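A structural walkthrough
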Amino acid sequence: MEPVIQIKGLTVSYNSEVALQDINMEIYKGEFVGILGPNGSGKTTLLKAVLGLISPAQGEIRLFGGPVDAAARKRMGYVPQKGSIDLTFPVKVFDAVMMGRYPLMGLFRYPSRSDRILVEEVLKGVDAWHLRGKPIGELSGGEAQRVWIARALVSNPEILLLDEPTTGLDVMSQGQIIDLIHRIHEGKGLTVLYVTHEVNNVSCYLDKVAYLKKTLYAYGHPNDVIKVETLREVYAGEVEVIQGVDRPLVVVGDHCHV
Amino acid sequence: MSEIFQYDFMRHALMAAVLVGGVCSIIGVYVVLKGLSFIGDGVAHASFGGVVLGFLLGINPLITSVLFAFIMVGLVSIFTGKGKMKTDPAIGVFFSFMMALAILFIGLMRSYNAELYSYLFGSIISVTATDLLIMLALGIIVLGTVAVFFKELLYVTFDPEMALASGIRAGHFNFLILALLGLTIVISIKSVGMILVLALIVIPASCAHQLTRNIKTMFILSPLFGITASIGGLCLSYYFDLPSGATIVIILTFIFFLTALKRVKG
Ligand SMILES: Nc1ncnc2c1ncn2[C@@H]1O[C@H](COP(=O)(O)OP(=O)(O)OP(=O)(O)O)[C@@H](O)[C@H]1O
Ligand SMILES: [Mg+2]
């Protein structure tokens, strides 16, 4: 079977500073892949390269067996890392989510009844329908995150790229967002790339885990990859891995009793 | 009030007021939300350079000013493309260059040209039938383009990175917004003048932004303010013999203060 995302020898640099070096990954249809690594390790850069927002210095990315182009982008949904959205922009939640459908409508076409129904379904699905009339600037962090997930889903993507969708949320909201993504993944057979710092919250759902720090340190099934040696190397610190009931759990070195 | 429109020049002026007020305030919504005031000012100065060149060469100044507006937009886009240079200094560099060209051309003219004055400070009653025809054609191009690409322009204005990520050619549309801004300035430069044209673009949309957090409402309120102020300014300037461009801008600023009192939070 051909991978939906194929990354071959990918190197990305910002002005001469290398952010990703010689990354090779194959992601297959329906996989739920977690991408982990310390701050500045290139996680966001990897997602942006997959979307073609940054062009590779070397290597190649192929999506759906073809090049990274506008047609491929229309088959993907993206939830960017927080902070890149202008929250003062005068737009209501419903219309902001509708924008996710714009690229699929023809020129001169305005949202049709079926577009509106889709927006309604997706907003209900992420439990944000009650927010539809609110200006985007008046949402809480967790509410906003649901709205951006809805915008990414409303185009019926085949690949969903999520950049730290739970960062800054309380424990319960984090759980709700992860369950939501898990349900969508299961229900629609979506391929998901999920960037996070909180591996324990999602590892039970993940098919694969990638540990990044400029290069790809490890990539494979969570049980094979979440190992104390790997983590100590990637995070360069006292990380422990303990065996949970069904899977390994990552704990940070004991700071309290040194 | 209708008796003032028995003269041809006043009828032309009225049509110019509606056209300029409408087109400026629609494009102004993008300018305000995207923060394009400075490039707008740069383009206004560049178009003035084009106007002077038109007089120097003896061709219709609106044609040369379109050319100069596009050169300005093109230069800034080339030098800021792919993050090569920050937008602000790039505009600063070419803004001054274009103004220097204008001054150079004025120097080359060697004779005083009173008509240049109206392009500098605006004189809506000196708009001729030919001017009006060119303005109308350009106005239809601008508003037509906005209508055709409304969704794309909106998405690119709101969130250019997401627009690109979801398959919209954001670079093209960013350039298109600047090109439309250039045409808008050319349409307006004779009526309100190079110095004041930015006000007619920025103030109506800013008034609308005070009153609503809904972009669609902004596209209705902004032209409402822009056209009302243009017609009002025209009438006042006729009755009291005032400079039309300045009168329009002062009315707009009053509207701005009024809307600020009713501002929505957020
Ligand atoms: N626009 C940019 N210009 C220059 N360097 C950049 C840019 N964006 C990222 N970098 C650099 O590239 C490297 C990788 O950044 P990236 O944003 O991909 O990290 P990340 O893994 O997403 O980090 P975080 O967990 O903090 O979000 C970092 O060293 C960063 O400083
Ligand atoms: Mg990041």
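Above this note sits the structure.
Residues numbered from 1 in each chain as written. Chains lettered and ligands numbered in written order. Predicted model: local features only at pLDDT ≥ 70, side-chain atom pairs only at ≥ 80, totals over all residues. Heavy atoms only, no water.

Below, the discussion takes up the interface of chain B and chain A. Of the residues lining the interface, 28 residues belong to chain B; the matching set on chain A comes to 32 residues. Between chain B and chain A, a total of about 2700 Å² is buried, with carbon and sulfur atoms accounting for 66% of that surface. Taken together, chain B and chain A are joined by three salt bridges. Ionic pairing is found between Asp 95 of chain A and Lys 216 of chain B, a salt bridge with its closest N-O pair at 3.2 Å. (Contact = heavy atoms within 4.5 Å. Buried area = accessible area lost by both parts, 1.4 Å probe. Salt bridge = Lys/Arg side-chain N within 4 Å of Asp/Glu carboxyl O.)

Turning to the pattern of salt bridges, a few remarks are in order. Residues and elements named next belong to chain A. Under the counting rule described, the total for this entry stands at twelve salt bridges over all chains. Measuring nitrogen to oxygen at the nearest pair gives 2.6 Å for the salt bridge that ties Arg 101 to Asp 115. Of this pair, Arg 101 sits in the loop between helix H3 (93-98) and helix H4 (113-125) while Asp 115 sits in helix H4; the two residues are 14 residues apart in sequence, bridging distant segments of the chain. Judged by its relative accessible area of 12%, Arg 101 falls in the buried class. The class for Asp 115 is buried, based on a relative accessible area of 7%. Notably, a salt bridge pairs Glu 120 with Lys 124, separated by 2.5 Å at the nearest N-O pair. Of this pair, Glu 120 and Lys 124 both sit in helix H4, four residues apart, roughly one helical turn. Taken together, the shared-partner salt bridges connect Lys 8, Glu 60 and Arg 62 into one network. (Helix = DSSP H or I, 4+ residues; strand = E, 2+ residues; numbered from the N terminus. Buried < 20%, exposed > 50% of the residue type's maximum accessible area, 1.4 Å probe, protein only.)

Right, let's talk about the site of ligand 1 for a bit. Residues and elements named next belong to chain A. The environment of ligand 1 is made up of 14 residues, and the closest members are Gly 40, Lys 43, Thr 44, Thr 45 and Gln 81. Between ligand 1 and Lys 43 there is a distance of 2.7 Å, counted from an oxygen atom to a side-chain nitrogen or oxygen. Protein contacts shield 64% of the accessible area of ligand 1, which totals 630 Å² for the unbound molecule. Listing elements by their share of the shell around ligand 1, those giving two or more residues are strand S2 (17-27) and helix H1 (43-51). Take the shell around ligand 1: its biggest share by element is three residues, from H1. (Near = heavy atom within 4 Å. Polar contact = N/O pair within 3.5 Å; in protein donor to acceptor, adjacent residues only side chain to side chain. Areas by Shrake-Rupley, 256 points an atom, 1.4 Å probe, with all protein chains shown as cover.)

A separate point is the environment of Ile 4 of chain B. Relative to the helices and strands, Ile 4 of chain B resides in the segment before helix H1 (8-34). With 252 residues separating them along the chain, Ile 4 of chain B and Phe 256 of chain B place their C-alpha atoms 28 Å apart.

Looking now at the packing of helix H10 (residues 197-211) of chain B against helix H11 (residues 215-239) of chain B. Residue and element names in this part refer to chain B. With their axes 8 Å apart at the nearest point, H10 and H11 run at an angle of 130° to one another. With respect to H11, the axis of H10 lies oblique. Relative to H11, H10 is oriented so that their crossing is right-handed. Where H10 approaches H11, its residues Leu 200, Pro 204, Ala 205, Cys 207, Ala 208, His 209 and Leu 211 are matched on the opposing element by Met 218, Leu 221, Ser 222, Phe 225, Gly 226 and Ser 230. Across the contact of H10 with H11, the residue classes break down as nine nonpolar, four polar and no charged. (Axes fitted to C-alpha atoms, helices over the stretch in contact; angles between N-to-C directions. Parallel < 35°, antiparallel > 145°, perpendicular 65-115°, else oblique. Left-handed = near helix turned anticlockwise from the far one by under 90°. Nonpolar A, V, L, I, M, F, W, Y, C, P; charged D, E, K, R; others polar.)

Our focus in this paragraph is the coordination of the magnesium ion (ligand 2). All names here are of chain A. Those donors, Thr 44 (OG1) and Gln 81 (OE1), are the protein atoms that reach the magnesium ion (ligand 2), and they lie 1.9 to 2.2 Å from it. Here Thr 44 is found in helix H1, whereas its partner Gln 81 is found in the loop between strand S5 (76-79) and H3, with 37 residues between them in sequence. Note on Thr 44: relative accessible area 21%, which makes it partly exposed. The class for Gln 81 is partly exposed, based on a relative accessible area of 32%. (Donors = N, O, S within 2.8 Å, 3.2 Å for Na, K, Ca; no water.)

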